[in-house]
Amino acid sequence: MLNNYADPTKFADRQEGEAGKLLIIIGGGVAHVPPGDYKARITQIRKTSFKGKRDTYCFVFEVVDGQHKGVVINGYANAQYKKFSKHTKLYRWITAVEGQEPELEEGYDLEVMKDAILLVRVKDTQTTQKQVVSNVEEIISKLDDF
């Protein structure tokens, strides 16, 4: 059966990571997996912009088990806050990783979120070019192991 979901064994451009299983998509390929909940880890966090106008954090997640193990999916959070509140995606994500509401008066080092095993919710998003891509919409919780 053909589908448009990512099969990590079918990518020609990949590079083995330290664990021998990390999939790096080269050349702008966008992975698409079925919407749902996945075990994943954050491998990279970079500051970018949304349509060149608004500062945004791009979180790069790697699926760590199941049929789509090794597939890389992005998730985005606003990086421009006049007031950092409990209603922002970034606050919810930090809270999910920390397991409690964070103390943010002195800032927060996003790098501490990397490599933790997380349960994430992936949904389909349509780009301005009408392409359907996977997007991490929410970090549900931090997992002890998998």
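## Structural notes on the overall build of the protein
At step 1: Regarding its fold elements, the protein presents one helix and five strands.
At step 2: Ordered by position from N to C terminus, the α and β elements of the protein give β-β-β-α-β-β.
At step 3: Per-residue burial for the protein yields a buried fraction of 35% across its 146 residues.
At step 4: Here the analysis covers contacts within the protein between residues at least 6 apart in sequence; of these, 49% occur between residues at least 24 apart.
At step 5: Carbon and sulfur atoms provide 46% of the accessible area of the protein, an area that totals close to 9300 Å².

## Structural notes on the pattern of salt bridges
For side chains bearing opposite charge, pairing can occur when the charged atoms are close.
At step 1: Following the criterion strictly, the structure yields seven salt bridges and no others.
At step 2: Linking arginine 121 and aspartate 37 is a salt bridge whose minimum nitrogen-to-oxygen distance equals 2.8 Å. You can see arginine 121 sitting in strand β4 (residues 117-126) and its partner aspartate 37 sitting in strand β1 (residues 36-50), a full 84 residues away along the chain.
At step 3: Relative accessible area serves as the criterion here: at 39%, aspartate 37 is assigned to the partly exposed category.
At step 4: In this structure, aspartate 65 and lysine 39 form a salt bridge, with 3.9 Å as the shortest nitrogen-oxygen distance. One end of the pair, aspartate 65, is in the loop between β2 (54-63) and β3 (72-78); the other, lysine 39, is in strand β1, with 26 residues separating them in the sequence.
At step 5: Through salt bridges with shared partners, one network takes in Arg41, Glu62 and Asp115.

## Side note on the packing of aromatic side chains
At step 1: All told, the structure shown has four aromatic pairs when counted by the stated rule.
At step 2: A centroid spacing of 6.5 Å and a plane angle of 70 degrees characterise the contact between tyrosine 57 and phenylalanine 59, whose relative ring orientation is edge-to-face. As far as burial versus exposure is concerned, tyrosine 57 and phenylalanine 59 are alike and both buried.

## Brief notes about the confidence of the model for the protein
Segments scoring low in pLDDT should not have their predicted coordinates read at a detailed level.
At step 1: Looking at the protein as a whole, its pLDDT mean stands at 77, while 71% of the residues score no less than 70.
At step 2: For the protein, the element scoring lowest by mean pLDDT is β2, at 90; β4 scores highest, at 94.
At step 3: Between residues 1-29, whose pLDDT stays under 50, and residues either more than four places distant or in other chains, the model counts 42 contacts.

## Focus on helix α1 (residues 89-98)
At step 1: With respect to burial, α1 is a largely interior element, seven of its ten residues being buried.
At step 2: Where α1 is concerned, the buried positions are Leu90, Tyr91, Trp93, Ile94, Thr95, Ala96 and Val97.
At step 3: Among the structural elements, β2, β3, β4 and β5 (132-142) are those in contact with the buried residues of α1.
At step 4: The first or second residue beyond α1 is glycine 99, which carries a positive phi of 80 degrees.

Criteria and thresholds
- Residues numbered from 1 in each chain as written.
- Predicted model: local features only at pLDDT ≥ 70, side-chain atom pairs only at ≥ 80, totals over all residues.
- Heavy atoms only, no water.
- Helix = DSSP H or I, 4+ residues; strand = E, 2+ residues; numbered from the N terminus.
- Buried < 20%, exposed > 50% of the residue type's maximum accessible area, 1.4 Å probe, protein only.
- Contact = heavy atoms within 4.5 Å.
- Areas by Shrake-Rupley, 256 points an atom, 1.4 Å probe, with all protein chains shown as cover.
- Salt bridge = Lys/Arg side-chain N within 4 Å of Asp/Glu carboxyl O.
- Phe/Tyr/Trp six-rings, centres within 6.5 Å; stacked < 30°, edge-to-face > 60°.
- pLDDT = per-residue confidence, 0-100.

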